[in-house]
Amino acid sequence: MLRKRTLLKQQQPAGDINTVLLLHLDGSVVDSSMYAVPVSQSSGSSFATGKFGQSFVGYFLEEASTPSPIITPSGYMNNVIASDFTIEMWIDSNSIDPMHGATLFYIGVDESFKNMTLSALISDVGGSPLSRIFSIMENIDGMQTPLMDCFYPISNYPGWFHFAITVSGTILRMFVNGVIIGTYSNYGENNDPTFTNSLLCPTTTKIDEIRISNIARWTANFTPPTAPYA
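Residues numbered from 1 in each chain as written. Predicted model: local features only at pLDDT ≥ 70, side-chain atom pairs only at ≥ 80, totals over all residues. Heavy atoms only, no water.

Colleague: Teacher, can you tell me more about the overall build of the protein chain here?
Modeller: Within the protein chain one finds one helix and 15 strands. Burial statistics for the protein chain: of 230 residues in total, 52% are counted as buried. Long-range pairs, those at least 24 residues apart, make up 65% of the contacts in the protein chain with a sequence separation of at least 6. Carbon and sulfur atoms form 52% of the exposed surface of the protein chain, whose accessible area is close to 10,000 Å². (Helix = DSSP H or I, 4+ residues; strand = E, 2+ residues; numbered from the N terminus. Buried < 20%, exposed > 50% of the residue type's maximum accessible area, 1.4 Å probe, protein only. Contact = heavy atoms within 4.5 Å. Areas by Shrake-Rupley, 256 points an atom, 1.4 Å probe, with all protein chains shown as cover.)

Shown next, in the form of structure tokens:
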């Protein structure tokens, strides 16, 4: 299946042309990529101590009319994920709500808020030792279906950890602290481009340094960054 990407037209000064959204989240929600994407922050979100400087703290979405804490232009993220891409961020494990877990992002949401093109979740599942599950979800035939579910003991990732997903062709990979923890081989077959609202970070979890790229930056294990993205 041939998929096309159309990004917002912007001037392209010197820099990393593959970074299409970069949020440092140091007291404001401003895109620091060369595309200067007009991102907005909703009332009720806040900032706290982060991995590098400050971090972003959202809120729970109680109903469909509740705006996402971070909103990107309609359709922008759907265009990014129509081909190879990387979504990455730092997450404070200690801030994940034990009841609600963490919703890291929703991309492509219809007006009913029931259908999302792509989303990433972290949920508590209990057990002994206490465990969580990373889930990547895609809309298939009008239903949210997990592309991958990866369990891990909570003790494996204390404090801040780096989370990333990449797509190269039809291969989706999920990384935690630079290590592949899951793969899915048929990504993109069911993406619905009609869901255009792009929502980010609807959660009370502390999140830092969100970078989104229009390439798969990694297809094998890597070393996470030790400083904010340039």
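What follows continues from the structure just given.
Colleague: What should I look at first to understand unusual backbone geometry in this one?
Modeller: The phi angle of most residues is negative, glycine excepted, and most peptide bonds adopt the trans form. In the segment running from Ser128 into Pro129, the intervening peptide bond is cis, with an omega of 0 degrees. In this structure, Pro129 sits in the loop between β8 (116–126) and β9 (131–140). Positive phi, normally seen in glycine, also occurs at Asn177, with a value near 50 degrees. Looking at the secondary structure, you find Asn177 in the loop between β12 (171–176) and β13 (179–184). Looking at Asn177, the relative accessible area reads 31%, which means it is partly exposed. Of note, the phi angle at Glu209 is positive, near 50 degrees, even though the residue is not glycine. The residue Glu209 is located in strand β15 (residues 206–213) in this model. The buried category is assigned to Glu209, whose relative accessible area is 1%.

Colleague: Is there a simple way to explain the pattern of salt bridges in this structure?
Modeller: It is possible for side chains of opposite charge to pair when their charged atoms get near one another. In total, this model carries four salt bridges according to the counting rule given. With a shortest N-O distance of 2.7 Å, Arg217 and Asp16 are connected by a salt bridge. Here Arg217 is found in the segment after β15, whereas its partner Asp16 is found in the segment before β1 (19–23), with 201 residues between them in sequence. The exposure class assigned to Asp16 is partly exposed, which follows from its relative accessible area of 31%. (Salt bridge = Lys/Arg side-chain N within 4 Å of Asp/Glu carboxyl O.)

Colleague: I tried to follow the nonpolar core on my own but got confused; where do I start?
Modeller: Side chains of a nonpolar character, in soluble globular proteins, are inclined to be buried together. In terms of nonpolar packing, the biggest core is built from 48 residues, with Leu104, Phe105, Phe134, Ile136 and Phe163 touching the most fellow members. Among all residues touching Phe105, those that are not within four sequence positions of it are Ile87, Met89, Leu118, Ser119, Ala120, Ile165, Leu199, Leu200, Cys201 and Pro202. Judged by nonpolar contacts, the second largest core, of six residues, contains Tyr59, Tyr106, Met116 and Leu199. (Core = buried A, V, L, I, M, F, W, Y, C linked by side-chain atoms within 4.5 Å.)

Colleague: Where do I start with the sheet that holds strand β10 (residues 143–153) in this structure?
Modeller: Across the sheet, which stays open at both edges, the seven strands sit in the order β2-β5-β14-β7-β8-β9-β10 with antiparallel pairing between neighbours. Two strands bound the open sheet, and with one partner strand each, they are β2 (40–41) and β10. Pairing of β9 with β10 involves ten bridges; the strand directions are antiparallel. Bridge assignment links Ile133 to a residue of β10, and that residue is Phe151. (Pairing = 2+ DSSP bridges.)

Colleague: Help me out: how do you make sense of the confidence of the model for the protein chain in this one?
Modeller: Detailed reading of the predicted model is not advised wherever pLDDT is low. Confidence in the prediction for the protein chain averages 88 pLDDT; 89% of positions are at 70 or higher. Residue range residues 1–14 is modelled with pLDDT below 50. Its contacts to residues more than four positions away, or to other chains, number 32 contacts. (pLDDT = per-residue confidence, 0-100.)

Colleague: How should I be thinking about the packing of aromatic side chains in this particular structure?
Modeller: We describe a pair of aromatic rings using the distance from one ring centre to the other and the angle between the two ring planes. Per the stated rule, a full pass over the model turns up eleven aromatic pairs. For the ring pair Phe134 and Phe163, a centre distance of 5.7 Å and an interplane angle of 20 degrees mean the geometry is stacked. Here Phe134, found in strand β9, pairs with Phe163, found in strand β11 (residues 160–168); they are 29 residues apart in sequence, far enough to count as distant. One exposure class covers both Phe134 and Phe163, and it is buried. Every member of this aromatic cluster is reached through a ring pair, and the members are Phe134, Tyr152, Tyr157, Phe161 and Phe163. When the ring centre of Trp90 is taken as origin, the NZ or CZ atom of Lys51, which lies over that ring, is 4.6 Å away. (Phe/Tyr/Trp six-rings, centres within 6.5 Å; stacked < 30°, edge-to-face > 60°. Lys NZ or Arg CZ within 6 Å of the ring centre and 35° of its normal.)

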